[in-house]
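# Structure at a glance
Single-letter residue listing:
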Amino acid sequence: MIYGNVRKGIFLRRPNRFVAYVDIDGAEEKVHVKNTGRCRELLVPGAQVVLEEGLGEKRKTKYSITAVYKNGIIINMDSQAPNAAAAEAVLDGRIAEIGSVDILKREVKYLNSRFDIYYEAGSRKGFAEVKGVTLEKGGDVYFPDAPTDRGRKHLLELVKAAEEGYEASVIFIVQLKCGGVFRPNAETDPKFAEALRFAAQKGVNIIAYDCFVEENEMTVNKRVKVELE
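The present account deals with the structure reproduced in this document. (Residues numbered from 1 in each chain as written. Predicted model: local features only at pLDDT ≥ 70, side-chain atom pairs only at ≥ 80, totals over all residues. Heavy atoms only, no water.)

A separate point is the overall build of the chain. Looking only at helices and strands, one finds three helices and 16 strands in the chain. For the chain, the C-alpha radius of gyration of 18 Å lies close to 17 Å, the compact-globule estimate for 229 residues. Within the chain, the proportion of its 229 residues that are buried is 49%. Considering only residue pairs separated by 6 or more positions, the chain has 62% of its internal contacts joining residues 24 or more positions apart. As displayed, the chain has an accessible area near 11,100 Å², and 45% of this comes from carbon and sulfur atoms. (Helix = DSSP H or I, 4+ residues; strand = E, 2+ residues; numbered from the N terminus. Rg over C-alpha atoms; globule rule 2.2 N^0.38 Å. Buried < 20%, exposed > 50% of the residue type's maximum accessible area, 1.4 Å probe, protein only. Contact = heavy atoms within 4.5 Å. Areas by Shrake-Rupley, 256 points an atom, 1.4 Å probe, with all protein chains shown as cover.)

Attention now moves to the environment of Leu155. Secondary-structure assignment places Leu155 in helix 2 (residues 149–163). Residues Leu155 and Glu129, spaced 26 residues apart in sequence, show a C-alpha to C-alpha distance of 8.3 Å.

Let's shift gears to the side chain of Glu136. Take Glu136: it is sitting in strand 10 (residues 135–137). Residue classification places Glu136 among the buried residues on the basis of a relative accessible area of 18%.

Quick look at the state of the cysteines now. What the rule picks out here adds up to zero disulfides. The cysteine Cys39 is free of any disulfide, with Cys211 supplying the nearest cysteine sulfur at 15 Å. A relative accessible area of 0% means that Cys39 is categorised as buried. (Disulfide = S-S within 2.5 Å.)

This next bit is on the pairing of strand 14 (residues 205–214). Most of strand 14 is tucked away, with seven of its 10 residues classed as buried. Bridging between strand 12 (residues 167–174) and strand 14 involves five bridges; their strand directions are parallel. Looking across to strand 14, one finds that Ile171 is bridged to Ile207. Pairing analysis gives five bridges linking strand 14 to strand 15 (residues 217–223), with the strands arranged antiparallel. Within strand 15, the residue paired with Val213 across the bridge is Met218. Counting the residues that bridge the hairpin from strand 14 to strand 15 gives two residues. (Pairing = 2+ DSSP bridges.)

This part takes up the packing of helix 2 against helix 3 (residues 190–201). The axes of two packed helices give the description: the angle between them and the distance between them. Contact geometry of helix 2 with helix 3 gives a least axis separation of 9 Å together with a crossing angle of 15°. Classified by the angle their axes make, helix 2 and helix 3 are roughly parallel. Classified by chirality, the crossing of helix 3 by helix 2 is left-handed. From helix 2, Gly151, Arg152, Leu155, Leu156 and Val159 reach across to helix 3, where they touch Lys191, Phe192, Ala195, Leu196, Phe198 and Ala199. (Axes fitted to C-alpha atoms, helices over the stretch in contact; angles between N-to-C directions. Parallel < 35°, antiparallel > 145°, perpendicular 65-115°, else oblique. Left-handed = near helix turned anticlockwise from the far one by under 90°.)

Taken as a whole and assessed by the stated rule, the structure comprises 14 salt bridges. When the shortest N-O distance is used, the salt bridge between Glu227 and Lys225 registers 3.7 Å. The structure contains a network of salt bridges with shared partners spanning Asp140, Arg183, Lys225 and Glu227. (Salt bridge = Lys/Arg side-chain N within 4 Å of Asp/Glu carboxyl O.)

In structure tokens, the structure reads:
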């Protein structure tokens, strides 16, 4: 996942989920936020952010926030980047739990969900749902940062896919380098944490990988240990 035309700014405020104001070279600029999550621990006044200059005449803002520095660590916060990075990694055979695939399709409908990845490898067929992780506390990482009924629905429908003979996985793409473990954020969303444990018991692969992140790039890096309890 590579970005073009990036520059830095200083975060000022975020009046709503989609818009923020950033100081760029001493001038206040209205920018797009490429993550509708809360990101309260990331977008704090004075934080250094990375911006991508957008293209297209229909854009309402010139720049979008793609990453932020927290305690000297760069964290990608583009909600679209995990899907692209995960698809690249699966195609390259770098997600060991899935292995090499012959066919990969994105955004494939199954029951009432549209899963991020569908793949075939010989006689194997599988679905994978990708979740981006930006919440870091004490070296460990957590998902979600806000309650997500949609995320829980995806897990339960992955269970149904597994029961029908598909390989089923949820891939948590940690949008930073992580030296700790991944855990569901039971404090924020106990129902999601319960559904994740249930899915694991029913044969859904619970996978987490961190990323190599630079200001203009995010690439899947290495496996992160998952702790569900």
